[in-house]
Amino acid sequence: MGGPKTTSGGMKVAGSSSYLPLYHTNVDAIITGPLVEVAVVQVFKNTTPETIEAVYSFPISQNGAVFSFEFHIDKRIVKGVIKEKEEAKADYAKAKAQGKTASLLEQDKENLFTMSVANIKPGEMIEVHMRYQEKLPYDD
């Protein structure tokens, strides 16, 4: 029945069981009526001696919807753009092959998002910025 359940954000080195160290997490939430808007920032560092591809995974509730996703690496900001799945995968593969820093955000399961980040140089810090909304449960 699948692998271990993802319960918090983490950035794993692709093709490895190693994770990049998490340096900082910040979560802000604003509740407006039956909705909560959550802003998450997590900072990781490539502590390996190599340029790597890493995969960021983050679970949200089944009632949640991601509406903004970007990452900051070095002095660059890469913002998420919605594309057809196959087009997005092809663009990511092309940028990766050209040695460019690129990302690909996918919804793996109903409540699990993953973002692949290609060509992270040794020592680079990666800031992941994600915003999502979800409907809060309530009782009468």
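My aim in this report is to walk through the structure given alongside it, one point at a time. Residue positions are counted from 1 within each chain, in the order its sequence is given. In keeping with the model being predicted, local features are shown solely for residues with a pLDDT of at least 70 and side-chain atom pairs are shown and tallied solely at 80 or more, while totals for entire chains, interfaces and linings include all residues. As a convention, hydrogens and water are excluded, and side-chain values are obtained from all of the structure's heavy atoms.

With respect to the packing of aromatic side chains
Short version of the rule: The criterion for an aromatic pair is that two Phe, Tyr or Trp rings (for Trp, the six-membered ring) have centres within 6.5 Å, with stacked assigned to planes under 30 degrees apart, edge-to-face to planes over 60 apart and tilted to the rest. Put simply, DSSP H or I for four residues or longer makes a helix, DSSP E for two residues or longer makes a strand, and each gets a number counted from the N terminus. Exposure categories follow from relative accessible area, calculated using a 1.4 Å probe and restricted to protein chains: below 20% of the type maximum is buried, above 50% is exposed, and the middle band is partly exposed.
In the structure shown here, the tally under the stated rule is 3 aromatic pairs. Each ring, one from Phe 44 and one from Tyr 56, has its centre 5.8 Å from the other, and the planes form 70°; the classification is edge-to-face. Pair noted here: Phe 44 is in strand E3 (residues 35-45) and Tyr 56 is in strand E4 (residues 52-59), with a separation of 12 residues, a long-range link. A single burial state applies to Phe 44 and to Tyr 56, both of which are buried.

Regarding the sheet that holds strand E1 (residues 10-13)
Note the threshold: Pairs of strands are assigned from DSSP output, requiring at least two bridges between the strands. Between the N-to-C directions of two axes lies an angle of 0 to 180 degrees, each axis being a line fitted to C-alpha atoms and, for a helix, fitted only over the stretch in contact.
With antiparallel pairing, the 4 strands of this open sheet are ordered in space as E1-E4-E8-E7. Each edge of the sheet is formed by a strand with only one pairing partner; in this case those strands are E1 and strand E7 (102-109). Neighbouring strand axes in the sheet, compared pairwise and without regard to direction, differ in orientation by 25° on average. For E4 and strand E8 (residues 112-120), the ladder comprises 7 bridges, and the chain directions are antiparallel. Counted as the bridge partner of Tyr 56 is Met 115 from E8.

Things to note about the environment of Ile 31
The line we're drawing: In what follows, a contact means two residues having at least one pair of non-hydrogen atoms within 4.5 Å.
For Ile 31, the location among the structural elements is in strand E2 (residues 22-32). Here the alpha-carbon distance between Ile 31 and Lys 135, two residues 104 residues apart in the chain, equals 9.7 Å. With near-sequence residues (within four places) excluded, Ile 31 lies in contact with Val 36 and Leu 136.

Remarks on the pattern of salt bridges
Rule in force here: By definition here, a salt bridge exists when the distance from a side-chain nitrogen of Lys or Arg to a carboxyl oxygen of Asp or Glu is within 4 Å.
Using the criterion set out here, one finds 6 salt bridges in the structure. Glu 37 is the partner of Arg 131 in a salt bridge, and the nearest nitrogen-oxygen pair spans 2.2 Å. A residue pair is termed long-range when its members are at least 10 positions apart, and Arg 131 in strand E9 (residues 125-135) and Glu 37 in strand E3 qualify at 94 residues. Arg 131 gets classed as partly exposed once you look at its relative accessible area, which sits at 33%. Among the ionic pairs, Arg 76 bridges to Asp 74, the shortest N-O distance being 3.8 Å. According to the relative accessible area criterion, Arg 76 is partly exposed, its value standing at 33%. The exposed category is assigned to Asp 74, whose relative accessible area is 55%. One network of salt bridges, in which partners are shared, links Asp 74, Arg 76 and Glu 124.

Focus: the pairing of E3
Across 10 bridges, the pairing between E2 and E3 is antiparallel. For Asn 26, the partnering residue across the bridge sits in E3 and is Val 41. In textbook terms, the turn of a hairpin is the stretch between consecutive antiparallel strands, and for E2 and E3 this stretch comprises 2 residues, one of which, Gly 33, has a positive phi near 60°. Across 11 bridges, the pairing between E3 and E9 is antiparallel. Bridge pairing links Gln 42 to Val 128 in E9.

As for unusual backbone geometry
Outside of glycine, negative phi angles account for most residues, and trans bonds account for most peptide bonds. Even without glycine at this site, Asp 74 takes up a positive phi of about 55°. Structurally, Asp 74 is set in the loop between strand E5 (64-73) and strand E6 (76-79). Unlike most non-glycine residues, Asn 119 shows phi in positive territory, near 65°. Along the chain, Asn 119 falls in strand E8. With a relative accessible area of 16%, Asn 119 lands in the buried category.

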